[in-house]
Structure formats: C-alpha cells, structure tokens
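# Structural overview
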Amino acid sequence: MSKRALFTAILAAALNTTTTAQPTPPSEKPAGSPAKAADRLAWWREARFGMFIHWGPVSLRGTEIGWSRGKEVPTAEYDALYKQFSAERFDADRWVALAKSAGMKYIVLTSKHHDGFCLWDSRRSDYNVMKSPLHRDIDRELSDACRRAGIRFCTYYSILDWRDPNYPLGEAPGGGPKIKPDMDTYVAGMKGQLKELLTNYGPIGLVWFDGQWEAPWSYERGVDLEKFVRSLQPDTIINDRLGPGKPGAPALGDYATPEQTIGGFNRDRPWETCMTICQQWAWKPDDNLKPLRECLHALVRCVGGDGNLLFNVGPMPDGRIEDRQADRLREMGAWLEKYGESVYATRGGPYMPGANLASTTRGNAVYLHVLAWPEGGLRLPALGAKVVKSAVLTGGKASVTQGDDALLIEVAPSERDPIDTIIKLELDREGLAIAPIASEPAK
Ligand code: FHN
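The text that follows walks through the structure, step by step, so that each part is easy to find. (Residues numbered from 1 in each chain as written. Predicted model: local features only at pLDDT ≥ 70, side-chain atom pairs only at ≥ 80, totals over all residues. Heavy atoms only, no water.)

Geometrically, the link from G349 to P350 is a cis peptide bond, its omega value of 5 degrees lying close to zero. In this model, A345 sits at a positive phi of 55 degrees, which is unusual for a non-glycine residue. Tracing the sequence through the fold places A345 in the loop between α9 (323-339) and β8 (347-348). Of the residues examined, A345 reaches a relative accessible area of 29% and is grouped as partly exposed. (Helix = DSSP H or I, 4+ residues; strand = E, 2+ residues; numbered from the N terminus. Buried < 20%, exposed > 50% of the residue type's maximum accessible area, 1.4 Å probe, protein only.)

Our next topic: the packing of aromatic side chains. In this structure the tally under the stated criterion is 20 aromatic pairs. Between F52 and Y156 the ring centres are 6.0 Å apart and the planes differ by 50 degrees, which places this aromatic pair in the tilted class. Here the residue F52 occupies a position in strand β1 (residues 49-53), and Y156 occupies one in strand β3 (residues 152-158), the gap between them amounting to 104 residues. Site record: aromatic cluster; members linked through ring pairs are W55, Y82, F85, F90, W95, F117 and Y127. Directly above the aromatic system of Y344 lies the positively charged group of K105, at a separation of 4.5 Å from the ring centroid. In this structure, R163 is placed above the aromatic ring of Y127, and the distance from its NZ or CZ to the ring centre is 3.7 Å. (Phe/Tyr/Trp six-rings, centres within 6.5 Å; stacked < 30°, edge-to-face > 60°. Lys NZ or Arg CZ within 6 Å of the ring centre and 35° of its normal.)

To continue, consider the sheet that holds strand β11 (residues 378-381). With respect to topology, 3 strands assemble into an open sheet ordered β11-β14-β13, the strand pairing being antiparallel. Each having just a single partner strand, β11 and β13 (398-402) make up the two edges of the open sheet. Neighbour-to-neighbour, the strand axes of the sheet open up by a mean angle of 20 degrees, direction not taken into account. Two strands pair when backbone bridges link them, and β11 and strand β14 (residues 406-411) are joined in this way by 4 bridges, in the antiparallel orientation. (Pairing = 2+ DSSP bridges. Axes fitted to C-alpha atoms, helices over the stretch in contact; angles between N-to-C directions.)

Here you go:
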C-alpha cells in the first residue's frame, strides 16, 4: 500500500469515515510493476503504427548497415565512410511530415547500430556525426521535429558494437592499438552514451535495444541495463532485446519484437513486428519495394493479433527518403485516413487472424478485415454476442446472418475491396470481453 493510501486509511479511521481506495498515481507505481508497464504502454498500444529508420554513412555504399562492414565493404573503408557523409538534403521536418502522412505515431531512429557510428553529438565517442561533413546532431534535429509535430521520438541502440576495441567480438578500427577487450569498460561506455540519449534529448518514447545475442552479453547484464534506463526515464518503454532470454526467468523489457514476420495473436504480452518496406534495412539502390497490398495486410494482421507494426525505411546518403518509399507510405496514410478507426486504439480480435481475415475491436464495435473471400461468402464461428447493426466501411452493404453456431457474412463481389473489405459490427457487448475465436473452423 502506498504511503498516501496508508495515510488516508489512518485519517479515515480517526475520523470514523469510510474511504474508497484511491487509484495509485502512476508516479507511485514501481517502475517494473505490471500496472506501471500498462501506464507506460498505453500511448504505444493505441499508436499501432511506427516508422523505423536505419541510416548512417553506410548508405553511401548502399549495403546493409553493420553487417556489410568487413564483408561487402572492407573494414577500413567502412569505418572511413563518415568522412564523406554530408547528407546535404537531410531535413528532419520532412521525415516527420512523411511519418505523419503515413499515419505513423512514433519514429525509431538507429542512433547507434552495430557499426558503432553515433548519429548524435556524443562526448563518449569521436566516431559520431559531428565529425562528419554533415556536422549536425541528427537525434537533436529529429527529436525536436517530432516534438513539433506531436510524434513520439524513440531511439534504437545496439548493445553490440563491432568497432569498439573493448567489445570482445568486434574488429577494432584498422591501425588502432590492439587492447585486451574489457566488457566492464565497454558497458560503462554504453551507459554513458545511453545517459546522453536519455538526458539530453527530452522524453524518449521508447528504447529499441538490439544486438543482444552474442556471447559477451548476458541476461543479467540485460536486467542491469533495464534498471539503468528506467532510472533515467521511468516512462520510457523498452523492448525485449535487452539480453538473451533465460529459462524460468522473467522476460526482459515491455514487449516482444518479432522481426520480418507477423507476431502471433497475444493480448497478454505486448508485441511489435519490425519489418522493412523494401528488403534491406539500410538504403539499397533499386531494392524490392513491397506492394501496397502486402504493406496494408502486414499492418492489419499485426493489429488483428493485438500487436504493432514498426515499418522501416532506409534514407539515401543525401538524407532524403526515396520517392518510391515515400509514395508507398503516403498510400498507407491515405488508407488510414479513411479506415483508421479500425486500427488506432483498437485491440486484436475477437476473431484471431487467419488466411482470409483479421479483426479488431474497440468498445462494442468489432471490425472484420476480410483480406480474401472464400467461395460462397464468409462463414465464421459464432461470436457469442448479438450483432445489433453492421456497416461496410469500404463501401457497399453486407448481409449478416447469425446462427447458433456460425456467423455468415456476404458482400456482393462487385462491392468487395480488392485489398481489405472492412465490415463494422456493432455488438450488444464489449468486443474485448469476448474470448478469442479461431477465425477458421478447426480442420
Ligand atoms: O542485426 C540487426 C539488423 O541489422 C536490423 O537492425 C534488425 C532490425 O530489427 N535487427 C537486427 C537483426 O535482428
């Protein structure tokens, strides 16, 4: 019981009055408590859709950030790319305006990826953007632009650093003194950088850790890192890539991070799929761009599973996001402009995603996202609730027939949307109160 609640109870006893338990204010909930986590995650659960940005001097080569160092790009050459990194057309407000036009509510920037290059003015490492011809603090400009636009600024930070001589599995920059790697020194440096990001750039929506899988790191170091971050900004959300899992030990961080695949339906453990709009995380000339259908289905299947989608763009070396990617995002935004009520601030279900369908709910409304129509219309297991009325958000009319064991939905083929026919059902009860239902009858 919090001190405030205890004092209230004693006072009430003295005054012989009854009290109704006051909700504990968020500030008094322990950082790691489920109640505090729910408060932290509230905006993020409603946001549903974010922009991931993988950027750095490697965009000059068009190869994968971090991974192409010492492979497609010789190490010494990779580590010297920052000297040519001028990104003369970088404009944070344009990136943020694009995210907004896409209907994205948060932006996660790779402030430091596996190659160790820092996109902010770090005092802990000279290998940073202020030492490049660009000479601008990207985290500063992007976090300020996000705040101006009402979008949450979030930072990606790689636990591993293949360039840092104190990181045991890295290849230190060519010509540097060979030292005996020391993880405690390395971790102290990491915490120094995280302190810069978590104290100098205002409220950070979330920290997206990555690079937690190599031997020098451990579950225990992840627990320590989570405590450290929460000590600096208790309201910052943290993903699960703080460290390797440990059998029988609590999961790390606030949410799970399936990658390049749609997460499984889960209303208990929050999750967010991260996915590239092309194939590569960092910019690649003529990379394969996902068609709109695939992009929207990814979003709908994520939210139908009660998850988020963090969709990645890779800006070009001059700082622009290429028109193809920007146009695709604006197409998604136009769709969300019309049908966002079936995505934002919804929860997944009650029908769990299947081959033809995903569903979301908010209040007494259930939104059926029909992604493909079976022959003869859609036959779903009974909802266990009465459909009071229905509407087809994408246009046309639906015939809805409720039997004891099935819900039949039909929309004339000419009125079906080629990507996603959205049918809104108003029920006689909360959609979230309905236990999740498989959307296809068991085989
Ligand atoms: O190795 C990274 C990869 O470059 C990229 O940043 C993705 C994004 O989730 N994370 C790691 C691979 O799991």
